[in-house]
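A closer look at the structure
The residues making up each chain are set out below.
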Amino acid sequence: AKDGLSEEDMQSQVVPTVVKLFANTDRSMRIPLLQTLPALMEHLSARVINETVFGHVSLGFADTSPVLRELTVKSMVALAPKLSRGNMGQVMRAFAKLQLDEEAAIRTNTTIC
């Protein structure tokens, strides 16, 4: 990997830690995780994304923080290629609800994404 770690090290050390971090509901932790998600995607398997990461990330669709809702929407661009049909259905339902969000930026991003 670019950062000096082998893919084996990424899978054994970094990925399990990242998965645990996504389970944290603290916004100060979730916001930077969502911001760095695109850079992590090459190391996250579809199985890990669908079985663990997506469930935690998708909670952000209903968060009271507009920043977190918007970053959750934007994160779907990175996640979508690896999402299962069922999880993609959840995204579409969440996007339909977010089309009515009070924040214009969130409404716009659900349309763009």
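For the structure itself, consult the block above.
Here goes a summary of the coordinates provided. From a predicted model like this one, the values you see are computed outputs, not experimental measurements.

What counts, and where the lines are drawn
- Residues numbered from 1 in each chain as written.
- Predicted model: local features only at pLDDT ≥ 70, side-chain atom pairs only at ≥ 80, totals over all residues.
- Heavy atoms only, no water.
- Core = buried A, V, L, I, M, F, W, Y, C linked by side-chain atoms within 4.5 Å.
- Buried < 20%, exposed > 50% of the residue type's maximum accessible area, 1.4 Å probe, protein only.
- Helix = DSSP H or I, 4+ residues; strand = E, 2+ residues; numbered from the N terminus.
- Contact = heavy atoms within 4.5 Å.
- Phe/Tyr/Trp six-rings, centres within 6.5 Å; stacked < 30°, edge-to-face > 60°.

So, on to the nonpolar core. Within the largest apolar cluster, 29 residues are counted, with the highest numbers of intra-cluster contacts made by Phe-22, Leu-44, Phe-61, Met-76 and Leu-79. Listing elements by their share of this core, those giving two or more residues are α1 (7–22), α2 (27–40), α3 (46–58), α4 (66–79) and α5 (85–98). Considering each element in turn, this core owes the most residues, six residues, to α4. Not counting the four nearest positions on each side in its chain, Phe-22 is found in contact with Arg-30, Leu-33, Leu-34, Leu-37, Val-53, His-56 and Val-57.

Overall, the coordinates contain one aromatic pair when judged by the stated rule. Seen in terms of ring centroids, Phe-61 and Phe-95 are 6.0 Å apart; in terms of plane orientation they differ by 90 degrees. Their pairing is edge-to-face. With Phe-61 in the loop between α3 and α4 and Phe-95 in helix α5, this pair connects stretches of sequence that are 34 residues apart. Assessed through its relative accessible area of 7%, Phe-95 is described here as buried.

Along the polypeptide, Gly-86 turns up in helix α5. Overall, Gly-86 belongs to the partly exposed group, its relative accessible area being 47%.

Functional significance is not addressed by these values, which are geometric in nature.
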